Amino acid sequence: MIRNREQEKNNFVHYTVESDGKLLEWLLENVKGESRSKIKATLKGRGIKVDKKTVTQFDYPLKKGMRISISKSKQNRTFKSKYLKIVYEDQYLVVIEKNIGILSMAAGHSSLNCKTVLDEYFHSTRQHCQAHTVHRLDRDTSGLMIYAKDKDTALRLEENWHETVYDRRYVAVCSGEFPEDGTVTSWLKDNKAYVTYSSMVDNGGKLAITHFHVLKRTPDYSLVEFKLETGRKNQIRVHSADLGHPVCGDIKYGNGDDPCGRLCLHAYLLCFIHPVTGKKMEFETQIPSSFMKLFK
């Protein structure tokens, strides 16, 4: 129940919470004249603030006396960046879709990276947190990533990564006609030039296991889904090259095939158990259109 509706200002309508509860339930009960879908869209579109903090979490806990601000604008302020897109956000973590050409985290002074972009976003939305990197994608690999908002959540993800992330898949355009579905197993080790090389016998490196499934195929290219049983550096790129069908656009392990003008590797599926709530979180992005055009 609304106890006090304050004067409208700064393009927001302000309310004070009278009793404890969950944010979406409170909005549906107290915001009159708006449909359920419109309220959910406003919440997802970053048009709701709780105590001046932008919130998108439907089950965000409310306490008596909290101040809720609801945007009056039809176009709610949304995060926009050419480098990454926020797919999901709550008070503990954020899931993003990374574009090519940006590092996961800083590597030297003034390097463009997702962590810095997220930190600037958190600061601009008055969130008292920082992005904590828990896994990485190469600069020229696009796709889904998780960043924690605090050290405790980051540690939970890092320490239990293989139990927490129960499905993680990539899609790639590979050169030539990829073989039938199967599994590649080898040991991967870096040489002094930081090039990862593969051995079918234990060479003192790390065991790497990659499962693959062909989605589409032409005489020139194959669209292949990869599922990692282990997460080693350059694992998909090296194993594809081992099979004689490297990832297209790979200047390090490839054969010069570059039909899309980019490394044709995209992390498109990410499923994990939320480290705090215990809920199953499942995210899937569209396969890049530049990949799909090769198979029309």
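Everything below is about the structure printed above this text.
Quantities reported herein were computed from a predicted structural model and do not represent experimental measurements.

(A) Geometry of the overall build of the protein chain. What the protein chain contains, in helices and strands, is seven helices and 18 strands. Across its three principal directions, the C-alpha atoms of the protein chain cover 70 × 40 × 35 Å. Counting over 296 residues, the protein chain shows a buried share of 47%. When the accessible surface of the protein chain is totalled, it reaches about 15800 Å², and 48% of it is carbon and sulfur. Seen as two clouds, the 47 positive and the 36 negative side-chain charges of the protein chain have centres 7 Å apart.

(B) View of the packing of aromatic side chains. Inspection of the entire model under this criterion finds six aromatic pairs. Arranged with centres 6.0 Å apart and planes meeting at 85 degrees, the rings of Phe-178 and Phe-226 form a pair that is edge-to-face. In this pair, Phe-178 sits in the loop between strand E12 (165–175) and strand E13 (182–190) while Phe-226 sits in strand E16 (residues 221–228), placing the two residues 48 residues apart along the sequence. For Phe-178, a relative accessible area of 1% corresponds to the buried category. Relative to Phe-283, the ring of Phe-272 has its centre 6.0 Å away and its plane inclined at 25 degrees; by these criteria the two rings are stacked. Here Phe-283 lies in strand E18 (residues 280–284) and Phe-272 lies in strand E17 (residues 265–273), a separation of eleven residues in the sequence.

(C) Structural detail: the pairing of strand E14 (residues 196–199). Where E13 meets E14, four bridges bridge the pair, whose relative direction is antiparallel. Residue pairing for E14: Leu-188 is matched across the bridge by Ser-198. The hairpin turn running from E13 into E14, its antiparallel successor, is five residues long, and Tyr-194 in that turn takes a positive phi close to 65 degrees.

(D) Representation of helix H4 (residues 151–159) in the model. Listed as buried for H4 are Thr-153, Ala-154 and Leu-157. All buried residues of H4 lie within an arc of 100 degrees about the axis, which places them on one face of the element. Within H4, the exposed residues directed more than 90 degrees away from the buried face are Lys-151 and Glu-159. Contacts from the buried residues of H4 go to strand E10 (132–133), strand E11 (142–148) and helix H5 (161–164). N-cap assignment for H4: the residue whose side-chain oxygen lies 3.1 Å from the backbone N of Asp-152 is Asp-150.

(E) Seen up close, the nonpolar core. One finds Ile-96, Leu-118, Tyr-147, Val-173, Phe-226 and Val-247 to be the most contacted residues of the largest nonpolar core, which totals 40 residues. The residues contacting Phe-226, other than those within four sequence positions of it, are Arg-168, Arg-169, Tyr-170, Ala-172, Cys-174, Phe-178, Thr-210, His-211, Phe-212, Ile-236 and Ser-240.

(F) Representation of the pattern of salt bridges within the structure. Applying the stated criterion across every chain yields a total of 13 salt bridges. The residue Arg-46 makes a salt bridge to Glu-89 at a minimum N-O spacing of 2.7 Å. With Arg-46 in the loop between helix H2 (36–44) and strand E4 (48–50) and Glu-89 in strand E8 (residues 84–89), the pair connects residues that are 43 residues apart, well separated along the chain. Look at Arg-46 and you get buried, because its relative accessible area is 12%. When its relative accessible area of 6% is taken as the criterion, Glu-89 is described as buried. A salt bridge links Glu-89 to Lys-149; the shortest N-O distance between them is 2.7 Å. Within this pair, whereas Glu-89 is found in strand E8, its partner Lys-149 is found in the loop between E11 and H4, the two being separated by 60 residues in sequence.

(G) Representation of helix H3 (residues 114–124) in the model. All of the buried residues in H3 are Cys-114, Val-117, Leu-118, Asp-119, Tyr-121 and Phe-122. Lining the buried residues of H3 we find E8, strand E9 (93–98) and E11. The N-terminus of H3 is capped by Asn-113, whose side-chain oxygen sits 3.2 Å from the backbone nitrogen of Lys-115. Where H3 ends, the next residue or the one after it, Arg-126, has phi of about 60 degrees, a positive value.

(H) View of the state of the cysteines. Applying the stated criterion across every chain yields a total of zero disulfides. Looking at the unpaired Cys-264, the closest cysteine sulfur is the one in Cys-260, lying at 3.8 Å.

What counts and how
- Residues numbered from 1 in each chain as written.
- Predicted model: local features only at pLDDT ≥ 70, side-chain atom pairs only at ≥ 80, totals over all residues.
- Heavy atoms only, no water.
- Helix = DSSP H or I, 4+ residues; strand = E, 2+ residues; numbered from the N terminus.
- Buried < 20%, exposed > 50% of the residue type's maximum accessible area, 1.4 Å probe, protein only.
- Areas by Shrake-Rupley, 256 points an atom, 1.4 Å probe, with all protein chains shown as cover.
- Lys, Arg positive; Asp, Glu negative; His and termini not counted.
- Charge placed at Lys NZ, Arg CZ, Asp CG, Glu CD.
- Phe/Tyr/Trp six-rings, centres within 6.5 Å; stacked < 30°, edge-to-face > 60°.
- Pairing = 2+ DSSP bridges.
- Arc of directions from axis to C-beta.
- Contact = heavy atoms within 4.5 Å.
- Polar contact = N/O pair within 3.5 Å; in protein donor to acceptor, adjacent residues only side chain to side chain.
- Core = buried A, V, L, I, M, F, W, Y, C linked by side-chain atoms within 4.5 Å.
- Salt bridge = Lys/Arg side-chain N within 4 Å of Asp/Glu carboxyl O.
- Disulfide = S-S within 2.5 Å.

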